[in-house]
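Inside the fold
Each chain, written out:
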Amino acid sequence: MRKTPPLRALQVFEAAARQEHFSRAADELCITQSAVSHQVRVLEEHFSEQLFNREGRQLKLTLKGKVLYQELSHIFDSLSRLNQKISGGYSQDLRLAVYSSFAVKWLIPRLSDFRRQYPEIKIRLNMITDDPELSDSVADMFISGQSGYPGFWHLLLHQERLIPVCSPELFERSESAEVTSLFKYPLLTVDEGPLGLDWQRWGLENKVSFPDSQQEHIFSHVLLAIEAAIAGQGVALASDFMVMKDIADGRLISPKLPDIYTGFEFNFSCKKNRIKEPAIAAFINWLSQQSHS
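Overview of the structure. Because the structure is predicted, anything quoted here is derived from the model rather than measured.

1. Considering the pattern of salt bridges
Under the defined criterion, the tally for this structure stands at 14 salt bridges. In this structure, glutamate 44 and arginine 54 form a salt bridge, with 3.8 Å as the shortest nitrogen-oxygen distance. Of this pair, glutamate 44 sits in helix α3 (residues 33-47) while arginine 54 sits in strand β1 (residues 52-55); the two residues are ten residues apart in sequence, bridging distant segments of the chain. By relative accessible area, arginine 54 is classed as partly exposed at 43%. As a salt-bridge pair, aspartate 246 and arginine 251 come within 2.7 Å of each other at their nearest N and O atoms. For aspartate 246, a relative accessible area of 4% gives the class buried. Three or more residues joined by partner-sharing salt bridges are found here, namely Lys105, Lys245, Asp246, Asp249 and Arg251.

2. Let's talk about the packing of helix α1 (residues 7-19) against helix α2 (residues 22-29)
In the contact formed by α1 and α2, the axes pass within 8 Å of each other and the chain directions differ by 125°. When the axis of α1 is compared with that of α2, the two are oblique. α1 and α2 meet at a crossing whose hand is right-handed. Residues Arg8, Gln11, Val12, Ala15, Ala16, Arg18 and Gln19 of α1 form the contact with α2, whose own contacting residues are Phe22, Arg24, Ala25, Glu28 and Leu29. Taken together, the residues of the contact of α1 with α2 sort by class into six nonpolar, two polar and four charged.

3. Focus: the sheet that holds strand β8 (residues 216-219)
The mixed open sheet is built from eight strands, whose spatial order is β4-β3-β5-β10-β6-β9-β7-β8. One side of each edge strand has no neighbouring strand; the edge strands of this open sheet are β4 (122-128) and β8. Taking each pair of neighbouring strands and ignoring which way they run, the sheet shows an average axis angle of 25°. Both strand β7 (residues 187-190) and β8 contribute to a ladder of four bridges, which runs parallel. For valine 190, the partnering residue across the bridge sits in β8 and is phenylalanine 219. In the packing of helix α6 (residues 198-205) onto the sheet, contacts are made with β6 (152-165), β7, β9 (235-239) and β10 (260-271), and the angle to β7 comes to roughly 105°.

Calculation rules
Residues numbered from 1 in each chain as written. Predicted model: local features only at pLDDT ≥ 70, side-chain atom pairs only at ≥ 80, totals over all residues. Heavy atoms only, no water. Salt bridge = Lys/Arg side-chain N within 4 Å of Asp/Glu carboxyl O. Helix = DSSP H or I, 4+ residues; strand = E, 2+ residues; numbered from the N terminus. Buried < 20%, exposed > 50% of the residue type's maximum accessible area, 1.4 Å probe, protein only. Axes fitted to C-alpha atoms, helices over the stretch in contact; angles between N-to-C directions. Parallel < 35°, antiparallel > 145°, perpendicular 65-115°, else oblique. Left-handed = near helix turned anticlockwise from the far one by under 90°. Contact = heavy atoms within 4.5 Å. Nonpolar A, V, L, I, M, F, W, Y, C, P; charged D, E, K, R; others polar. Pairing = 2+ DSSP bridges.

See the structure below:
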């Protein structure tokens, strides 16, 4: 006979850990806050381990609590999918965690085509700025920089290639595209955090030293730099696939100047055991066609 922890207490603990709040967990489970506290105590007594640190109103998982929550998260996700299988059909509602820059400049303009082909599938976009934990508790699908994650299937969408872009009015089409031409214009620089300043990396890669007098405007996100370039405020570096439409529509031009490959890759990811679910399979098929068009 299997020896298992009290199952009701596990369910209550998982909700409390996910919500990081006893009151919100109580609302989700339609029980009282004191009932949540009781079930958590039952589990702590069962394991003889403290699972939460309570600091005033703050509720934080202990190390053992984190281990238990991570395992339970996977177990309840599997039970949810099993329920869908047995009760008939998979969910048509999918959550996609995606970089804001990728979503705004590439994905969203194309999504109307997906919705036209698959009107029954609903995609909820969750914007991310950093790589999230790949887990069903976060999203069903991901577009991030991660690959080789155990238990996940990955599809390479794009290798990042940065190209200089600016408004047509700033950099005349007739102007000779010499590297030294850049010295006349402000650089719209994105601070990539641990990766450093993008124009600095471009200069090192292409053996270009910018003069000390070079104007530079710093942005925390590439979307801001692209919009500043469209507004004629300087020259930005942007992923080539993200600015294709802006270039085609005449909002930006890309002078014939050196580019750089950053080594960063945009990857689609989902769990290996979910790639045959009809809604996810449809999105993968559509995304594959779009990334090669």
